[in-house]
Amino acid sequence: MKIKFSGLILAVAMAVPAAFSAQNETPKYSYTEAFKPFFYQNNGTETRSASGKPGHHYWQNSADYVLNATLNEQKKEIKGTAEITYTNNSFDTLEFLWLQLDQNLFRKNSRGNAVIPVGGSRNGAHGDFDGGYTIQSVEIVSENGKKIKSAAKYTVSDTRMQISLPTELKAGGGEIKLKITYSFTSPDYGSDRMGVEDTKNGKIFTIAQWYPRMCVYDDVMGWNTLPYLGAGEFYLEYGSITANLTVPSNHYVVASGALLNAKEVYSDDQNRKWELAKNSDKTVMIRSAAEVNAGPKTANSTKTWKFKIDKARDFAWASSAAFILDAARINLPSGKKSMAISAYPVESDGTEAWGRSTEYTKSSIEHYSKQWYEYTYPAAVNVAGNEGGMEYPGIVFCHMNSKGYDLWGVTDHEFGHNWFPMIVGSNERLFAWMDEGFNTFINSISEKAFNNGEYYQPKSLQSLSAALNNDNMEPVMTAPDNLKEMNLGYLGYYKPGAGLTMLRENILGEEKFDNAFREYIKRWAFKHPTPEDFFRTMENVSGEELNWFWRGWFMNKWKIDQSVKSVKYVDGNFAKGSLIKLENIGQLPMPVDLEVKYKDGTSQNIKLPVEIWKRNTEWTFEAPTTKEIVSVKLDPKGTLPDADLSNNTVKMGDAATAEKVNLQEFTGIFSSPKIPGLKFTLKVENGKLMAQATGQQFFPLDYEGDGKFSFAMAGIEMQFSKDRKNFDITQGGQTINFIKE
């Protein structure tokens, strides 16, 4: 799922209070706490190895589905049957089964609707809507191959259904077949995950969480039955899914998996174009905007589309008379092929918008397949709907109004989810960071790779330090339904994504990290890993002790705050070297990266391992410097979200003559047409230029010379024009011009 933020506005708004509070905090670093033993509380078992692998008797249950559904366009209603073959591979006999009924979130009296705050939410069904399943019947068809055909006793509790079994389902391979007949009315806006969107050529139905699905029974919790409240996503069993979807005859359907009856549903010309697309690296138009505009707006009959997907944990689809369709070939590392497909209305057409969707999809899938693990599904379908962005196996829904960088970003993000959690099947209901955070991390690498960096926007973790160190946020390990909704973006996406970036760039290095991360994906492909399985795998494969990092960044809210306390020449002679004294103030230690700048204009980089903090809060070392030093700076590339940047640099002597400046020249109120509603007020107070963003407190600016000011704690720089009538503000790689009113 995609959560969007305006990075500069948010960072500016949050940076000031967080930066000032950092100044007043008492140092908290304790090396005995950071590196204390017994991080892992469980020894290896038959099902999960101490090394992070699945154990030698690892098991998981499976669920195969045959789904039959009919779409009533006028009523926005789905009627269907779900035939479920459930196999109990566990060591336990099962007296009952639990299923998920996610559509019940949209009942007015659901738990999910009850927890929506007065100010509103992206979750739930917006507007006056009372949805949910109508269950016509639940039938046990057979058990262990023996036909039964009896009505089952069942109880519905909010978004769950418990089915009582007449006899226990045997352990080690017991099989039961169920048939559930049901119907529901689709919400127009279904918790930003599904819905119905009107266009000039007809409604677009994006359909998900649409059939009763088995809850996971695993070796960690037994039955996983947390209700669906909207924020927490999904935890599902793997299996084969066949779907027969009957829709109005003028509709076109795209879905998870492979289309089985293309000759029955497409014209001869369209089938010919599909064959061209299968062998083309360029986008091939299957159904054009002209064909859509000329197509019938109503239907007097129906058409059935048949799909199948294997090794999948879910199935989603979309149906509309309004779809433009185009496609291209996806080239996979093994030599296998897949298909990139886009479905969108004429309102979304054009090379600045969805006309490039298939190009984006193809690039994303090919990149992740080469970088991490090969894509496993026969198609990757991008659908334009009313969702901000939502993912399912082999198909994603992105907003029809997205274009340019936004469309690339949401497309790449949602298809990244085919690795986390579609291939690596973690429990999203409990651990959003294991799919959203991992995905945010791999997106950052993909963005740089796409089309020679066409949309690449470098993002310094240093610029996010205020948000990532916000004391008002919960720990990353908190379940998404237990988070303040406004915090989910940072704690589910950005903070764990930043954690993996630091692990790759600052702690392990790219080679070690990539090797371990690929092994994690390989080990747990189509399985159910826990956070500990990930932690153990990364340590065992990389060979590095990382429990201090897991403990601080994921389990707790520890901050990174290192400082350069002093720099002295050995015996007062710069030619003999220098003594550099460092301090670890924050609770979370990190390896050290120092830049030493010399008076002759050269510089030197010095790196120190995290082990210097294993028994010290301060560390003095002799640096092999032989020239006169101008400054010593921690983290010169801004790769760490250090909580207090003011103590990261020590300057030696007068590096330059101070420039005389009249601060009153820089005062006034400044605004930008690019960000309506945001203004900066600048004034002089106690000989210091002070700045204030709309709705925030004043913060001090340090003069750097030549019309440039900075606020180091938040990574902000302001460069004024010579006439002082405007300035460029830069933060986190983004620059925006503000003009004096």
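Report follows, based on the coordinates. Keep in mind the model is a prediction, meaning the values are calculated, not measured.

What counts, and at which threshold
Residues numbered from 1 in each chain as written. Predicted model: local features only at pLDDT ≥ 70, side-chain atom pairs only at ≥ 80, totals over all residues. Heavy atoms only, no water. Helix = DSSP H or I, 4+ residues; strand = E, 2+ residues; numbered from the N terminus. Rg over C-alpha atoms; globule rule 2.2 N^0.38 Å. Buried < 20%, exposed > 50% of the residue type's maximum accessible area, 1.4 Å probe, protein only. Core = buried A, V, L, I, M, F, W, Y, C linked by side-chain atoms within 4.5 Å. Contact = heavy atoms within 4.5 Å. Lys, Arg positive; Asp, Glu negative; His and termini not counted. Salt bridge = Lys/Arg side-chain N within 4 Å of Asp/Glu carboxyl O. Phe/Tyr/Trp six-rings, centres within 6.5 Å; stacked < 30°, edge-to-face > 60°. Lys NZ or Arg CZ within 6 Å of the ring centre and 35° of its normal. Pairing = 2+ DSSP bridges. Expected span 1.5 Å × (residues − 1). Axes fitted to C-alpha atoms, helices over the stretch in contact; angles between N-to-C directions. Bend = angle between axes of the 7 residues up to and from the residue.

1. Quick notes on the overall build of the chain
Broken down by element type, the chain carries 14 helices and 40 strands. In terms of overall size, the chain behaves like a compact globule, its C-alpha atoms giving a radius of gyration of 29 Å where 741 residues would be expected to give roughly 27 Å. By its C-alpha atoms, the chain is 90 × 60 × 50 Å across when sized along the principal axes. A burial count over the chain gives 58% of its 741 residues as buried.

2. Side note on the nonpolar core
In this structure, Leu 97, Trp 210, Phe 315, Trp 317, Phe 517, Phe 534 and Phe 549 are the most contacted members of the largest nonpolar core, which totals 189 residues. Per-element tally for this core: the top contributor is helix α11 (residues 488-508), with 10 residues. Discounting chain neighbours no more than four positions away, the residues touching Leu 97 are Tyr 86, Met 161, Gln 162, Ile 163, Leu 165, Leu 169, Ile 176, Leu 178, Met 214 and Trp 223. Core analysis: the next-biggest nonpolar cluster, separate from the first, contains 22 residues, Phe 680, Ala 691, Met 718 and Phe 738 among them.

3. A closer look at the side chain of Glu 143
Relative to the assigned elements, Glu 143 resides in strand β4 (residues 134-143). The charged side chain of Glu 143 is buried without a salt bridge, its nearest counter-charge being Lys 170 at 7.7 Å. Those residues in contact with Glu 143 that lie beyond four places of it in its chain are Ile 148, Thr 167, Glu 168, Leu 169, Glu 175 and Ile 176.

4. Points about the packing of aromatic side chains
Under the criterion given, the structure shown has 70 aromatic pairs. For the ring pair Phe 670 and Phe 720, a centre distance of 6.0 Å and an interplane angle of 85 degrees mean the geometry is edge-to-face. Pair noted here: Phe 670 is in strand β33 (residues 668-671) and Phe 720 is in strand β38 (residues 716-720), with a separation of 50 residues, a long-range link. Using a relative accessible area of 0% as the deciding quantity, one classes Phe 670 as buried. The exposure class of Phe 720 is buried, given its relative accessible area of 4%. Judged by centre distance (5.1 Å) and plane angle (85 degrees), the ring pair of Phe 680 and Phe 738 falls under edge-to-face. Residue Phe 680 is located in strand β34 (residues 679-685), and its partner Phe 738 is located in strand β40 (residues 734-740); the two are separated by 58 residues in the primary sequence. Exposure remark for Phe 680: the relative accessible area of 1% places this residue in the buried category. The class for Phe 738 is buried, based on a relative accessible area of 0%. Positioned over the ring face of Phe 234 is Arg 213, at 5.0 Å from the centre of the ring.

5. Focus on the sheet that holds strand β10 (residues 194-199)
Reading across from one edge, β9-β10-β11-β20-β16 is the order of the 5 strands in this open sheet, with antiparallel pairing throughout. The open sheet is flanked by β9 (189-190) and β16 (252-255), the only strands paired with a single partner. When β9 meets β10, the two strands line up antiparallel, connected through 2 bridges. The residue of β10 that forms the bridge with Gly 190 is Met 194.

6. A closer look at the pairing of strand β36 (residues 699-705)
Pairing between strand β35 (residues 688-693) and β36: 3 bridges, direction antiparallel. The residue of β36 that forms the bridge with Met 690 is Pro 700. Taking the residues between adjacent antiparallel strands as the criterion, β35 and β36 are bridged by 5 residues, where Gly 695 takes a positive phi near 80 degrees. Both β36 and strand β37 (residues 708-711) contribute to a ladder of 3 bridges, which runs antiparallel.

7. Quick word on helix α8 (residues 404-416)
Counted at 1.5 Å a residue, the expected span for α8 with its 13 residues is 18 Å, and the 18 Å between its end C-alpha atoms agrees. For α8, the tally of buried residues reaches 11 of 13 residues, placing the bulk of the element in the interior. Within the span of α8, buried status applies to Gly 404, Leu 407, Trp 408, Gly 409, Val 410, Thr 411, Asp 412, His 413, Glu 414, Phe 415 and Gly 416. Against the buried residues of α8 lie α7 (357-371), β23 (379-385), β24 (389-392), β25 (395-399), α9 (436-449) and α11.

8. Examining the sheet that holds strand β30 (residues 618-623)
Read across the sheet, 3 strands follow the order β26-β27-β30 without closing on themselves; strand pairing throughout is antiparallel. In this open sheet, the two edge strands, each paired with only one partner strand, are β26 (562-569) and β30. Ignoring strand direction, the axes of neighbouring strands in this sheet form an average angle of 20 degrees. In terms of strand pairing, strand β27 (residues 578-584) meets β30 through 6 bridges, oriented antiparallel. Opposite Ile 580, over in β30, you have Phe 621 as the bridge partner.

9. Section: the pattern of salt bridges
Under the criterion given, the structure shown has 38 salt bridges. Between Arg 48 and Asp 533 there is a salt bridge, and its shortest N-O distance comes to 2.5 Å. One end of the pair, Arg 48, is in the loop between α2 (31-34) and β1 (62-72); the other, Asp 533, is in helix α13 (residues 531-542), with 485 residues separating them in the sequence. Taking relative accessible area as the criterion, Arg 48 reaches 10% and is therefore assigned buried. Taking the shortest distance from any N to any O, the salt bridge between Lys 614 and Glu 545 comes out at 2.8 Å.

10. What about α11?
By the largest-angle criterion, Met 502 marks the main kink of α11, which is about 35 degrees. Burial of α11 is extensive: 19 of the 21 residues sit out of reach of the surface. The positive-phi residue at the C-terminal boundary of α11 is Gly 509, with phi of around 90 degrees.

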